[in-house]
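Notes for the structure review
The primary structure of each chain is shown beneath.
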Amino acid sequence: MEISKLVASKVLDVPDFPKPGILFKDLMPLFADGAAFAAVIDAIIAEHGADSFDVVAGIEARGFVIAAAVAYATGKGVVPIRKAGKLPRETVTARYALEYGEAALEVHADAFIAGERVLVVDDVLATGGTAAATLDLVERAGGRVSGFSVLLELAFLSGREKLAPRPVHALLTV
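Residues numbered from 1 in each chain as written. Predicted model: local features only at pLDDT ≥ 70, side-chain atom pairs only at ≥ 80, totals over all residues. Heavy atoms only, no water.

So, about unusual backbone geometry. With an omega of -5 degrees, the peptide bond running from Glu60 to Ala61 counts as cis. With respect to the helices, strands and loops of the structure, Ala61 is situated in the loop between β3 (55-59) and α4 (62-74). Of note, the bond from Ala164 into Pro165 is cis; its omega dihedral lies within 30 degrees of zero at 10 degrees. Take Pro165: it is sitting in the loop between α6 (159-163) and β9 (169-173). The phi torsion at Asp16 lies on the positive side, around 60 degrees, for a residue other than glycine. Among the secondary structure elements, Asp16 is positioned in the loop between β1 (12-15) and β2 (23-26). Phi angles above zero are rare outside glycine, and Ser158 is one such case at about 60 degrees. Residue position: Ser158 is located in the loop between β8 (144-153) and α6. A relative accessible area of 31% means that Ser158 is categorised as partly exposed. (Helix = DSSP H or I, 4+ residues; strand = E, 2+ residues; numbered from the N terminus. Buried < 20%, exposed > 50% of the residue type's maximum accessible area, 1.4 Å probe, protein only.)

This next bit is on the nonpolar core. Formed by 29 residues in total, the largest nonpolar core has its most connected members in Leu27, Val40, Ile41, Ile44, Ile66, Val70 and Leu151. Ranked by the residues each element gives to this core, the list is headed by helix α3 (residues 34-48), at seven residues. Not counting residues within four places of it along the chain, the set of residues in contact with Ile41 comprises Ile66, Ala69, Val70 and Ala73. (Core = buried A, V, L, I, M, F, W, Y, C linked by side-chain atoms within 4.5 Å. Contact = heavy atoms within 4.5 Å.)

Before going further, it helps to examine the packing of α3 against α4. Pairs of packed helices are described in terms of their axes, by the angle between the two and the distance that separates them. Taken N-terminus to C-terminus, the directions of α3 and α4 make an angle of 70 degrees; their axes are 10 Å apart at the nearest point. Judged by the angle between their axes, α3 and α4 are roughly perpendicular. In this structure, the crossing between α3 and α4 has a hand that is right-handed. Contact residues: α3 offers Phe37, Ile41, Ile44 and Ile45, while α4 offers Val65, Ile66, Ala69, Val70, Ala73 and Thr74. (Axes fitted to C-alpha atoms, helices over the stretch in contact; angles between N-to-C directions. Parallel < 35°, antiparallel > 145°, perpendicular 65-115°, else oblique. Left-handed = near helix turned anticlockwise from the far one by under 90°.)

Quick look at the packing of aromatic side chains now. Under the defined criterion, the tally for this structure stands at two aromatic pairs. On the basis of an interplanar angle of 80 degrees and a centroid distance of 5.2 Å, the ring pair of Phe17 and Phe24 is categorised as edge-to-face. With relative accessibility at 43%, the residue Phe17 sits in the partly exposed group. On the basis of relative accessibility, which here comes to 19%, the residue Phe24 falls in the buried class. On the basis of an interplanar angle of 85 degrees and a centroid distance of 5.5 Å, the ring pair of Phe31 and Phe37 is categorised as edge-to-face. There is no split in this pair, since Phe31 and Phe37 are both buried. Above the ring of Phe53, the side-chain terminus of Lys76 is found at 4.8 Å from the ring centroid. (Phe/Tyr/Trp six-rings, centres within 6.5 Å; stacked < 30°, edge-to-face > 60°. Lys NZ or Arg CZ within 6 Å of the ring centre and 35° of its normal.)

Time to look at the pairing of strand β7 (residues 117-125). Consecutive residues of a regular strand have side chains that alternate between opposite faces of the sheet. The buried fraction of β7 amounts to eight of the nine residues, a majority that puts the element mostly inside the structure. Taken together, the four bridges between β3 and β7 define a ladder with parallel strand orientation. In the sheet register, Gly58 faces β7, and the bridge partner there is Val121. The pairing of β7 with β8 spans eight bridges and is classified as parallel. Directly across from Val121, in β8, lies its bridge partner Ser149. Following the chain from β7 across helix α5 (residues 129-140) to the adjacent parallel β8, one finds a crossover that is right-handed. (Pairing = 2+ DSSP bridges. Right-handed = clockwise from strand over helix to strand, strands pointing away.)

Next up, the structure:
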């Protein structure tokens, strides 16, 4: 099955979550299906090439799942991009607007070796605020973004525009 069709077949729409008026795209059925999950991880690795990055950064929380799988499959390390206040040591922080509020992300100040190539992954690209903050955070912490992949891009929210000129790899765009 084509990867975009596979992803589409595993997305559940949850209305009014996390607040009224938001249609949440739940990818947990994809994560729960071992063969489907393996296929999306393989597709991300195939897009970027295992030799194009040194470490994988996952955006809290579903991005952690994707990052860990990509890292394991390629023998690379994982760096979590966390919500503010969750990391125990010195951090670099980025504040940004969400499609449904405001938030802040953090990474350990020493998470990346200077110039280390970082593949950033997440489940959904919506307005682009979280992704833009993360890519900035990686670079301010010393990493060099070598790629950015999501399972699902919500094109109608124009998140890709906030990331320009960086390329965005989405397995499914709706």
